[in-house]
Amino acid sequence: MKYGAFCRFVAGFLTGAVILTSPGAGMLARAEDPDGTPDVSIEEASMEGLIPALDPALERLGGELTEDPDGDLAEAVQSTLPGADGYVVTDPTAAVSTNIHYEYSGYYNTPVYSYLVPIDAGGFYRVEYLIADKQIVVETYDASFKLTASKRIDPELTKFGGFYAASDAYYFVFGDDNTEESDSKEVLRVVKYNKSWVRQSNVCSVYGANTYQMFRAGTVSMVDTDDYLYIRTCHTMYESAKDSAHHQANLQLVVKKSNMTLSDYLWKVSNESQGYFSHSFDQKLALDGDRVLTADLGDAYPRGYVFGYYGTNANSGSIHSGSSVSFAGITFMTFHGEKGENYTGAMLGGLESASSGYLVTGSLISQNDAMQRTDPYNAFVTTFSKSSVADYQVNYLTSYARGGQLSASNVHLVKLSEDLLVAMWEEKRLKDGSYQYPDKDPVVHYQYLNGAGEKVGAERTISGSLSKCRPVVIGGEVTWYVTNNSAPVFYTLPLPADEAKIRNFVTRMYQIVLGRNPEGGEDEGWVQYLVEGEKSAIEVAAGFYFSPEFNNRNFCNEHYVLYLYRGLFNRTPEENETTFWVDKLTTGSSREKIFDGFSESREFANLCAEYGMKVGKKITVPAYGTIPTGHCTYEGCNKEAGVREFVTRLYRYTLDREPEEEGMEHWVQKICSHEDTGRHVMVYFMNSPEFQSHNYDDEAFVDHLYLVAFGRHPEPDGLAFWKDRLAKGRTRSQVSNEVADSQEFLNLCNLYGIQVGDWEEAR
């Protein structure tokens, strides 16, 4: 499996959550613990018999969208989804659509129909305009990608333009053509929904707006401030008196969110100094504090990529300064060919602000006289200085050569923090003289970038596909979804680790669990496992707690629990917490099972979050033989004194004498080393030749057994019960074991700090 792939698959049609985790993580049916309390009753379930039922959901699909040269809605070839290293197949009742891959429609962008929106309380919304149904679907998913609710919204004009999730509400943009060129025709409407998806009564309607066709040959992009929503899109305009053509250009709007009124706009023919571009085939917006950033791709005026920003304060709700739009911009890469020639061999990817500058991504073929439409595309990132648009640097992320096997497509840019971003693109392959999306084994490339647009680490890949759904950060992971005449398939990419924090985590594991600092670079392997995503926090923690070095510390149950709290929760347990877990250990739960309970808890998840790590999925910890083989080495541990008291009472209540020194040391060593248990030693004494030499009858035997196990004589009913058991054929060894199953004997063993143990026949 390749770096960073977060591998999950959920079959929604099965009863319960069946999760196939990444290689090495095991396969299990998992019961969830709603309150996060460690639950040692969670049992692993065999997957035998379930795998055949999953086969229909594991079918691999392939295929591409067909292009519509007229720019209308693309139709999809019925096909299936490419496979991937890891993905989640949601409930098959989820809405079916097609958004797989993404190419310009001919030479230009089109409105985005599919979105993901994180929910503050956990989970996310899928918001998508469904072409076939002519409706918007809003699906609610929990953090496990389970579909929990769905609703439909009818578009309010004939064209869906875009959707935007602001901090205060959700906004839809709808449009309509205006072939009559009527100034009273509503051509654009901005509709507001509150966070509970209730439509608000006020809408922003735009009439005429010099629009012949709305959203023609471009897309819709939005950003917002506290009270203003900025919209950048495109249209073809009223017929030109000069040449009778309906020229295409971008269109700029500002909406006051509180009352949904139009605050400012630019939709008439203007010039580049005002941020007006003809033809503008793609439009992007981003926000940096009080500055609204823009990016466009044009084939005429200008012919190239353009980056810029409004000179007005974004909180003012205005793009005009006096009578003109205040705009600072630069054409940072020009395209070969004649002005107005629609083909440019270029695509725009993303626009983001960062700590050290502004970043624009895209892909294009080599721009020169020798360029051919069959040339490969290469992905790039351009970084602009915040102080001057003229100060910029172009860096290529790929270097695919003409005639080579690969080409870059569908470039996305996702902001992870002010100083960390990730550029993502799909891989196309040469086939029959052109670059095509592969029918099988698709690949997504991704490259982390710092705030200055510089590469952070190496380029990496995962198996899978991208779509027109812009990846977003949900629950600490970059998440997107793909459909291909299907329900959505969700992909996730974990955020890169902070190596300094990871190293601190590993160091504390050495210090707390092993009681020493790492030596000679021995921590490096653990650090790289976590940084590279090859092992989860659970797996690394298990490596320490079940290492021979930790096992040789020979901690008793009480101090084993203490070290779990210190290492996994970063605190000392309360007395009742220690008692709870020690009780679990002395009644049959293994140390591996107790570790599972701790590692799946919310407290450990919180600790991992402090160090910038994902917990990982539950693992099946092998039985490493974690029962200590000697005395507890914890300073001040006095468990041996309790063991001596227990052995002394055995001698007194079974053999009617004090222990000799040799016998005492023998049994103390056996119990302290966990070679023998309280039950086993008691059964041995009750069946020893010395005890049998007294020739006690059944009543006397039961009386001695009560004294040994309970520290008291039997009550009449108890005496009668056990005498009857013996009379009906139960052996004295069997009765001793049955008495050892009681709560009273468990309490006695806990008092002396020893394990009860399993059923033991006399030997």
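Right, let's walk through the structure included here. A quick note: this is a predicted structure, and the numbers were derived from the prediction, not measured. (Residues numbered from 1 in each chain as written. Predicted model: local features only at pLDDT ≥ 70, side-chain atom pairs only at ≥ 80, totals over all residues. Heavy atoms only, no water.)

The next point concerns the packing of helix α12 (residues 678–686) against helix α16 (residues 732–740). If you want to describe how two helices pack, look at the angle between their axes and the distance between the axes. Where α12 contacts α16, the axes come no closer than 10 Å and their chain directions differ by 145°. As α12 packs across α16, the resulting crossing turns out to be right-handed. Judged by residue contacts, Arg679, Met682, Val683 and Met686 of α12 engage Ser733, Ser736, Asn737 and Ala740 from α16. Of the residues in the contact of α12 with α16, the class split is four nonpolar, three polar and one charged. (Axes fitted to C-alpha atoms, helices over the stretch in contact; angles between N-to-C directions. Helix = DSSP H or I, 4+ residues; strand = E, 2+ residues; numbered from the N terminus. Left-handed = near helix turned anticlockwise from the far one by under 90°. Contact = heavy atoms within 4.5 Å. Nonpolar A, V, L, I, M, F, W, Y, C, P; charged D, E, K, R; others polar.)

Given a rise of 1.5 Å per residue, 13 residues ought to cover 18 Å, and the 17 Å separating the end C-alpha atoms of helix α6 (residues 557–569) matches this to within 8%. Most of α6 sits out of view: 11 of its 13 residues are buried. Among all positions of α6, only Asn557, His559, Tyr560, Val561, Leu562, Tyr563, Leu564, Tyr565, Gly567, Leu568 and Phe569 are buried. At its buried positions, α6 is contacted by α2 (499–513), α4 (537–545), α5 (548–551), α7 (575–586), α8 (591–599) and α9 (602–610). Directly after α6, the chain includes Asn570, whose backbone phi takes a positive value near 60°. (Expected span 1.5 Å × (residues − 1). Buried < 20%, exposed > 50% of the residue type's maximum accessible area, 1.4 Å probe, protein only.)

Moving on: the sheet that holds strand β11 (residues 186–193). With antiparallel pairing, the four strands of this open sheet are ordered in space as β9-β10-β11-β12. Both outer strands of the open sheet, β9 (159–165) and β12 (199–207), are each paired with one neighbouring strand and no more. Each strand of the sheet is rotated relative to its neighbour by a mean of 20°, with strand direction disregarded. Bridge count for strand β10 (residues 170–175) against β11 is six bridges, and the pairing is antiparallel. Residue pairing across strands places Phe172 opposite Val191, the latter belonging to β11. (Pairing = 2+ DSSP bridges.)

Turning next to the pairing of strand β25 (residues 358–364). Within β25, seven of the seven residues are buried, leaving the element largely enclosed by the surrounding structure. The alternating pattern of β25 places Tyr358, Val360, Gly362 and Leu364 and Leu359, Thr361 and Ser363 on opposite faces, both of which are buried. Sheet analysis places strand β24 (residues 346–353) next to β25, joined by seven bridges and oriented antiparallel. Looking across to β25, one finds that Glu352 is bridged to Leu359. Here β24 hands over to β25 after four residues, the two strands then running antiparallel side by side.

Where α2 contacts α6, the axes come no closer than 10 Å and their chain directions differ by 165°. In this view, α2 runs roughly antiparallel relative to α6, as classed from their interaxial angle. You can see that α2 and α6 cross each other, and the crossing is right-handed. Taking contact as the criterion, the partners of Arg508, Met509, Ile512 and Val513 in α2 are, on α6, Tyr563, Arg566 and Gly567. When the residues that make up the contact of α2 with α6 are grouped by side-chain class, the tally is four nonpolar, one polar and two charged. (Parallel < 35°, antiparallel > 145°, perpendicular 65-115°, else oblique.)

With that settled, the discussion passes to the environment of Tyr448. Topologically, Tyr448 is positioned in strand β31 (residues 443–450). Setting aside its immediate chain neighbours within four residues, Tyr448 contacts Leu416, Leu420, Leu421, Val422, Glu454, Lys455, Val456, Arg460, Leu493, Pro494, Leu495 and Pro496.

Moving on to the nonpolar core. By size, the foremost hydrophobic cluster in this structure holds 42 residues, and its most contacted members are Phe505, Tyr545, Leu568, Phe595 and Phe604. Elements that contribute at least two residues to this core include exactly α2, α3 (524–531), α4, α6, α7, α8 and α9. Sort the elements by how many residues they give to this core and α6 lands first, with eight residues. In this structure Phe604 touches Ala537, Ile538, Ala541, Leu568, Phe569, Phe598, Ser599 and Val615, once residues within four positions along its chain are discounted. Counting residues in hydrophobic clusters, the runner-up holds 39 residues, among them Ala169, Val206, Leu251 and Val325. (Core = buried A, V, L, I, M, F, W, Y, C linked by side-chain atoms within 4.5 Å.)

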